[in-house]
Structures are given as structure tokens and as C-alpha cells.
Amino acid sequence: MEDSIKGDVAVTVPIRNGEILLLRRSIETSSTGKWALPGGKIKQGEEASEAALRELKEETGLQGDITDKGESYVDEGELGKWRLHPFLVKVEASKVELNHEHSEYSWVKKHGVEEKDTLGELKALEILDVPE
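Basis of the calculations
- Residues numbered from 1 in each chain as written.
- Predicted model: local features only at pLDDT ≥ 70, side-chain atom pairs only at ≥ 80, totals over all residues.
- Heavy atoms only, no water.
- Helix = DSSP H or I, 4+ residues; strand = E, 2+ residues; numbered from the N terminus.
- Rg over C-alpha atoms; globule rule 2.2 N^0.38 Å.
- Buried < 20%, exposed > 50% of the residue type's maximum accessible area, 1.4 Å probe, protein only.
- Contact = heavy atoms within 4.5 Å.
- Salt bridge = Lys/Arg side-chain N within 4 Å of Asp/Glu carboxyl O.

A. Expanded view of the overall build of the protein. Along the protein, the regular secondary structure elements total two helices and eight strands. When the helices and strands of the protein are placed in sequence order, the string is β-β-β-β-α-β-β-β-β-α. Taken over C-alpha atoms, the radius of gyration comes to 14 Å for the protein, in line with the 14 Å a tight globule of 132 residues would show. Based on the C-alpha atoms only, the size of the protein along its principal axes is roughly 40 × 30 × 25 Å. A buried classification covers 47% of the 132 residues belonging to the protein. Partitioning the contacts of the protein with sequence separation of at least 6, the portion at a separation of at least 24 is 68%.

Shown next as C-alpha cells:
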């Protein structure tokens, strides 16, 4: 089963004032139109935590502090199975500068996530015990 995993991905759960940042995937990426958490592939030699903060900055322009790390898990998306490494990141700024990978963003309460058409089940929210 392990050999079917395509790689490791850092997933960031950005939180500000009790709200989680979700990003909508653009037509330039896989899973177009789905809502997802910021994240991406962990580069060779890079720590998962470094990748989480790098991806957050690349995709949103935001910086933050990691306040929790969850157990990694395997999830399957449009491009196969990946091992995800979730991080809870406290951010101060609310101004988001999206890159080409996303077309819009939304700050939502945890219970509001289920109203979105998300990419996968966003297990990171439960693993990290994100407050309601």
C-alpha cells in the first residue's frame, strides 16, 4: 500500500479570530472549483513544517506561527494517494493575496466548512482538534 503513495504534502490550517481560511482551486489546477486548505508538496530535504509555512506564503501571501502539528494521514485525491502532514497556523493578517492556483478565498467558522464543496474530507480539521 505504501508504494502507491505519490509523496508527502504539507497541509496548513490557517486560523484567525476563530475562522479558518479556505481557498478555491482555479482552472489552472487539478480539482478545479473545489475548496481546500493551503498546502503542497514537501520538497526533498525540506521539513514538513517548513513546507507548510512556505506553501501558505506562496498561495496566500500570509505568514504565521505553527501552534499545533497533527499526525500524518493518507488521503486520495484526483491525482492519487498522498501522505498529508497537517499544521495549525495562527495568522494575524486577513488580507489574502492569491496566486494562480486559487480563484477565491473565504474565512469560515469550522462548522461552515461542511457547506463548501471541499477537496477530500479535510481530515486535518479533526486531527488538529480545531475549535468550533
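B. Highlighting the side chain of Ser106. Positionally, Ser106 belongs in strand S8 (residues 102-108). We classify Ser106 as buried; its relative accessible area is 15%. Once you skip the residues sitting within four places of it in the chain, Ser106 turns out to touch Ile20, Leu21, Leu22, Trp35 and Lys116.

C. Summary view of the pattern of salt bridges. Scanning the model with the defined rule gives eight salt bridges in all. Residues Arg24 and Glu104 are paired through a salt bridge, measuring 3.2 Å at the closest nitrogen-oxygen approach. Note that Arg24 is positioned in strand S2 (residues 19-25) and Glu104 in strand S8, a separation of 80 residues in sequence. Residue classification places Arg24 among the partly exposed positions, given a relative accessible area of 29%. Notably, a salt bridge pairs Glu55 with Arg54, separated by 3.0 Å at the nearest N-O pair. We note that Glu55, like Arg54, is buried. The structure contains a network of salt bridges with shared partners spanning Glu46, Arg54, Glu55 and Glu58.

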